[in-house]
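# Architecture at a glance
Letter by letter, the chains look like this.
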Amino acid sequence: MAVHQSGRVFGLYPDFPSLRAGVDTLKALRFDNQDISVLFSETAVAKTFEGGDDPEPEPESADSSAFIGGPLGWLTYVRPERTGVIADALVTLGVAPRRAGLYENGLRSGSLLLCIRSSSPAQFDDAAAALAATGAESVQTAKPLSIPEKRRAIPHGLQRAEQLFQAVFAS
């Protein structure tokens, strides 16, 4: 019998109402607040309050925009130093590189990333199904890389990014 390691399920939501539907579904499935994390940019908040007319970030602020993320009930600001830091950090969490880039581009244009941590095979499958059923795009399951794989996967200078996003997507 295979041993199931803990893993994460990621999904990108287009707006706060669909994110809320996803969170409500996960809560109904008995996921704890500490197992559900979100990451979104200030662009997503501005898009919500301005009516969503301009989903594109301003070019001069794309690299320096702040992101808000963390487990539910414990959100914090994250300010990546450059474009690519979010994608690199997601790769260390087991997200495929192409998908990680897609997630970062989505976040920078106002989408919201939801991450669910699970150690139970049944919950892992339920989380992926719940995200897909509530409108999440690009749903992916991921298992964190082992320590030696992490060291190969990210350049030495990006160790700080890993620390930032490990905190956002509580391990």
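No experiment lies behind these values; they were computed from the predicted model shown.

### Comments concerning the packing of helix α3 (residues 85-92) against helix α4 (residues 97-108)
- Closest axis-to-axis distance for the α3/α4 pair is 8 Å, and the angle between their directions is 140°. When the axis of α3 is compared with that of α4, the two are oblique. Between α3 and α4 lies a crossing whose hand is right-handed. Residues V85, I86, A87, L90 and V91 of α3 touch α4, and the partners they reach there are P97, A100, G101, Y103, E104, L107 and R108.

### A few points about the pattern of salt bridges
- Counting across every chain of the model gives three salt bridges.
- Here D24 and R20 are joined by a salt bridge, their closest N and O atoms 3.0 Å apart. With a gap of four residues between them, D24 and R20 both fall in helix α1 (residues 16-28), about one helical turn apart.
- By relative accessible area, which is 55% here, R20 ends up exposed.
- In this structure, the salt-bridge partner of R117 is D35, at a minimum N-O distance of 2.8 Å. Residue R117 is found in strand β5 (residues 112-118), and its partner D35 is found in the loop between α1 and β2 (36-41); the two are separated by 82 residues along the sequence.
- Assessed through its relative accessible area of 23%, R117 is described here as partly exposed.

### Regarding the packing of aromatic side chains
- Under the counting rule described, the total for this entry stands at two aromatic pairs.
- A centroid spacing of 6.2 Å and a plane angle of 35° characterise the contact between F10 and Y103, whose relative ring orientation is tilted. Here Y103 lies in helix α4 and F10 lies in strand β1 (residues 7-13), a separation of 93 residues in the sequence.
- Classification of F10 by relative accessible area gives buried; the value is 0%.
- When its relative accessible area of 0% is taken as the criterion, Y103 is described as buried.
- Where F16 meets F40, the ring centres are 5.2 Å apart and the plane angle is 80°; that geometry is what we call edge-to-face. Highlighted residues: F16 in helix α1 and F40 in strand β2, separated in sequence by 24 residues.
- Overall, the relative accessible area of 25% leaves F16 in the partly exposed class.

Rules used in this analysis
- Residues numbered from 1 in each chain as written.
- Predicted model: local features only at pLDDT ≥ 70, side-chain atom pairs only at ≥ 80, totals over all residues.
- Heavy atoms only, no water.
- Axes fitted to C-alpha atoms, helices over the stretch in contact; angles between N-to-C directions.
- Helix = DSSP H or I, 4+ residues; strand = E, 2+ residues; numbered from the N terminus.
- Parallel < 35°, antiparallel > 145°, perpendicular 65-115°, else oblique.
- Left-handed = near helix turned anticlockwise from the far one by under 90°.
- Contact = heavy atoms within 4.5 Å.
- Salt bridge = Lys/Arg side-chain N within 4 Å of Asp/Glu carboxyl O.
- Buried < 20%, exposed > 50% of the residue type's maximum accessible area, 1.4 Å probe, protein only.
- Phe/Tyr/Trp six-rings, centres within 6.5 Å; stacked < 30°, edge-to-face > 60°.

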